[in-house]
Amino acid sequence: MTATPDDIGRTQPAAGADSSLTKIVAYHQRSKHRLERYAAGPETLDWSAQPNPFREFSGAPRIRLPMIADRLTASFAALHTPGAVAAQPLTLDHVAAMLELAFGLSAWKEYGPDRWAVRCNPSSGNLHPTEAYVISRDISELEDGVYHYLSRDHALERRCRITAAAPAAQPGLLVGISSITWREAWKYGERAFRYCQLDTGHAIGALRYAAAVLGWHVRIADAVSQQQLAEWLGLDRDANFPRAEREEAELLLEITIAPDADTTASWLRNSTQTDWRGQANILDAHPMYRWPIIDDIAAASRKPATQPAMYRPETSALASTCSMAAATLIRQRRSAQRFDARFTQDADSFYTMLTALLPDSGTPWDVWNEVPRVHPVLFVHRIDGLAPGIYALPRSADAQARMQATMRTDFLWRKPDGCPEPLPLYLLAKANLGKALRTISCHQAIAADSTFTLAILAEFDTALHNAPWRYRQLYWEAGLFGQVLYLQAEAASLRGTGIGCYFDDTCHELLGLQDTTFQSMYHFTVGYPLTDERIANLPPYPRT
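Here we summarise the structure given alongside this text. (Residues numbered from 1 in each chain as written. Predicted model: local features only at pLDDT ≥ 70, side-chain atom pairs only at ≥ 80, totals over all residues. Heavy atoms only, no water.)

Quick word on the overall build of the protein
Part 1 of the reasoning: When its secondary structure is counted, the protein shows 15 helices and 19 strands.
Part 2 of the reasoning: For the protein, the C-alpha radius of gyration of 22 Å lies close to 24 Å, the compact-globule estimate for 544 residues.
Part 3 of the reasoning: On the principal axes, the C-alpha backbone points of the protein span a range of 65 × 50 × 50 Å.
Part 4 of the reasoning: When the 544 residues of the protein are sorted by exposure, 60% land in the buried category.
Part 5 of the reasoning: Considering only contacts within the protein whose residues lie at least 6 apart along the sequence, 82% involve residues at least 24 apart.
Part 6 of the reasoning: Per element, the accessible surface of the protein, about 21200 Å² overall, is 50% carbon and sulfur.
Part 7 of the reasoning: Side chains of the protein give 53 positive and 60 negative charges; the mean places of these two sets differ by 3 Å. (Helix = DSSP H or I, 4+ residues; strand = E, 2+ residues; numbered from the N terminus. Rg over C-alpha atoms; globule rule 2.2 N^0.38 Å. Buried < 20%, exposed > 50% of the residue type's maximum accessible area, 1.4 Å probe, protein only. Contact = heavy atoms within 4.5 Å. Areas by Shrake-Rupley, 256 points an atom, 1.4 Å probe, with all protein chains shown as cover. Lys, Arg positive; Asp, Glu negative; His and termini not counted. Charge placed at Lys NZ, Arg CZ, Asp CG, Glu CD.)

A short note on the packing of helix α3 (residues 181–188) against helix α4 (residues 192–213)
Part 1 of the reasoning: Interhelical geometry of α3 versus α4 gives an angle of 135° and a closest axis separation of 8 Å. The angle between α3 and α4 falls in the class oblique. When you trace α3 past α4, the crossing you get is right-handed. For the pair formed by α3 and α4, the contact residues are T181, E184, A185 and Y188 on the first element and A192, Y195, C196 and D199 on the second.
Part 2 of the reasoning: Grouping the amino acids of the contact of α3 with α4 by side-chain chemistry returns five nonpolar, one polar and two charged. (Axes fitted to C-alpha atoms, helices over the stretch in contact; angles between N-to-C directions. Parallel < 35°, antiparallel > 145°, perpendicular 65-115°, else oblique. Left-handed = near helix turned anticlockwise from the far one by under 90°. Nonpolar A, V, L, I, M, F, W, Y, C, P; charged D, E, K, R; others polar.)

Quick look at the sheet that holds strand β19 (residues 536–538)
To summarise the sheet geometry, strands pair through backbone hydrogen bonds and adopt either a parallel or an antiparallel arrangement.
Part 1 of the reasoning: Spatially, three strands are ordered β4-β3-β19 in an open sheet, and the strand pairing comes out antiparallel. Whereas interior strands pair on both sides, the edge strands pair on one side only; in this sheet they are β4 (114–119) and β19. For this sheet, the mean angle separating the axes of adjacent strands, direction not counted, is 30°.
Part 2 of the reasoning: Pairing of strand β3 (residues 105–111) with β19 involves three bridges; the strand directions are antiparallel. Note on β19: the bridge partner recorded for W108 is L538. (Pairing = 2+ DSSP bridges.)

Some points on α4
Part 1 of the reasoning: The end-to-end C-alpha distance of α4, which contains 22 residues, comes to 32 Å, matching closely the 32 Å that a straight helix rising 1.5 Å per residue would cover.
Part 2 of the reasoning: Of all 22 residues that make up α4, 22 are buried, and the element is covered over most of its length.
Part 3 of the reasoning: Remark: G215 follows α4 within two positions and exhibits a positive phi of approximately 75°. (Expected span 1.5 Å × (residues − 1).)

Here's what the structure looks like:
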């Protein structure tokens, strides 16, 4: 049989793959919101008992990191032109800058007696299940080891030392991502696993943009199993989590100065980890609910060791005119709470945003090793020169054919007038969908007041066939979509907001989807923000 693009990087199905797929499909159906009922979640919330948003390891040696992001002058436009940003050396200062821009705090907010932090990497409900770990080798001023990044203090906690079996040919830097699912489940119940995976996708994008500010490259170490990653990060060490909430290993990313540098993950396999330190803190001493299905879906979707994915599209520079310093733009990113329902977005910024979603547009998509499997359907409300209605942006020729074969037969599939020729944007139907989008989005006005809203569809059946662990990857790719739109909206003096609460099958019915060939994994909306001036903005760290 001839290999198809969907087989690239895939191994033979492991024993139990059919059982895992059954569990994943059942979970996805069970965790859908429906007009007649929401997915299972807590009946009440005590906001004074919200889980601690900061994981830390008591007893682990701590390194307070310098804050140098303000010294980085690369513009946001430069991040999208290959070679435009000179690569900085791998030093502790520059690692600190990358962590600050990827996972650090961007501000503290105050409203009355309430005070909360916002971060550079967005999160569902600002609950932040994502944790970041640094694995270093021969980096100036940083001992070889595994470190947990504590965003509250902009500090590294050394979890263990690493001794390599052979001398280093070059410095090595890896970033491991994990999720604490209870942070989301506390508020969202069974649907929380979805949101943790979307947050992982946002974290991938946040790290890629932050590394680009330093002229560095990022790639996913996609051959590594999640079990191996858990061992490397110390997440499997029961002694370090005696009563604390456990973390789920997600993925490992390699940071390099040159795009074709040798892998550092292979070095880690031949090293020894010693002198483990630190006890994880308890985030919620008195949880009111338990959601065992989340543990079940986590186990069913864990990735085994595989061959590296081989998808490498040719990239081209994205035509961006945003001259703002990228570090400034990254730290000013916020989720909009309300939009101006009268505002009309210009067509140029709209087309730039869509071009930035294509797999060959460079940063941040050069981090993604997989064949594109997610494709947005757009609900346009107010874009200058475009009729309100439903549009599609298939990110591959195969996807376009599948979408046309699966969606409503009366859709037009016509290029809109004025659309740049290389952009695969198609008008499906003219319609004013404000009320419908508000209903679909759990009755949230923000989906109707935006300039446009997206439903991010995934090739569900094809992606999961023989590889049920790709369920997480579909959410990661969708979350990466969201991170692109967040920053592109900021570059256009607009703002974005991810929407995790929507009625899945009601959206599918609007598009004529009658099976699981495509499933909506995430919704996102862009518009002109209305700011609540009553909320005070304070610096993220006392030393700033």
